[in-house]
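So the chains spell out like this:
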Amino acid sequence: GSGGGGVDPTNERRRLLAKAKAKTLAALEDGAGGEGDDEAQGGLFALPFMARALKKKREAAEEEAKMLLEDIERADREAA
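Keep in mind the model is a prediction, meaning the values are calculated, not measured.

Asker: Can you tell me about the pattern of salt bridges, naming the residues and giving the values?
Answerer: As enumerated under the stated definition, the model contains five salt bridges in all. Arg14 serves as the salt-bridge partner of Asp76, at 3.5 Å between the closest nitrogen and oxygen. With Asp76 in helix α3 (residues 48-79) and Arg14 in helix α1 (residues 9-33), this pair connects stretches of sequence that are 62 residues apart.

Following this line, the structure appears as structure tokens:
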């Protein structure tokens with residue numbers, strides 16, 4: 001026997017996908033709200049090349065999160 005323990009694997013997967021989607025959206029919102037924090041820090045981040053590097057890193061992380069979100073939504077549709 002499979003012995004699923006009464007847990008429907010499809011429902012469990014959808015629940016996990018919804019949780020992952022919510023966390024990804026929250027991370028995207030946090031990243032978008034972080035603009036201007038670097039200038040307040042001063043120091044190294046006040047240097048133009050450091051500010052550009054930080055901005056590039058933030059944009060790359062945001063792009064990765066968007067791709068993850070698309071993957072989550074695709075998996076959710078397939079689970080339906």
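Asker: Can you break down the environment of Ala80 residue by residue, with the values?
Answerer: Mapped onto the secondary structure, Ala80 falls in the segment after α3. In this structure Ala80 comes out as exposed when scored by relative accessible area, which is 70%. Once the C-alpha coordinates of Ala80 and Arg14 are considered, the two residues, 66 residues apart in sequence, prove to be 8.1 Å apart.

Asker: Hey, could you go over the side chain of Thr24 for me, with residue numbers and the actual values?
Answerer: Mapped onto the elements, Thr24 comes out in helix α1. Taking the relative accessible area as the measure of exposure, Thr24 reaches 7% and is therefore buried. Every residue in contact with Thr24, bar those within four places of it in the chain, is listed here: Ala65, Leu68, Leu69 and Ile72.

Parameters at a glance
- Residues numbered from 1 in each chain as written.
- Predicted model: local features only at pLDDT ≥ 70, side-chain atom pairs only at ≥ 80, totals over all residues.
- Heavy atoms only, no water.
- Salt bridge = Lys/Arg side-chain N within 4 Å of Asp/Glu carboxyl O.
- Helix = DSSP H or I, 4+ residues; strand = E, 2+ residues; numbered from the N terminus.
- Buried < 20%, exposed > 50% of the residue type's maximum accessible area, 1.4 Å probe, protein only.
- Contact = heavy atoms within 4.5 Å.

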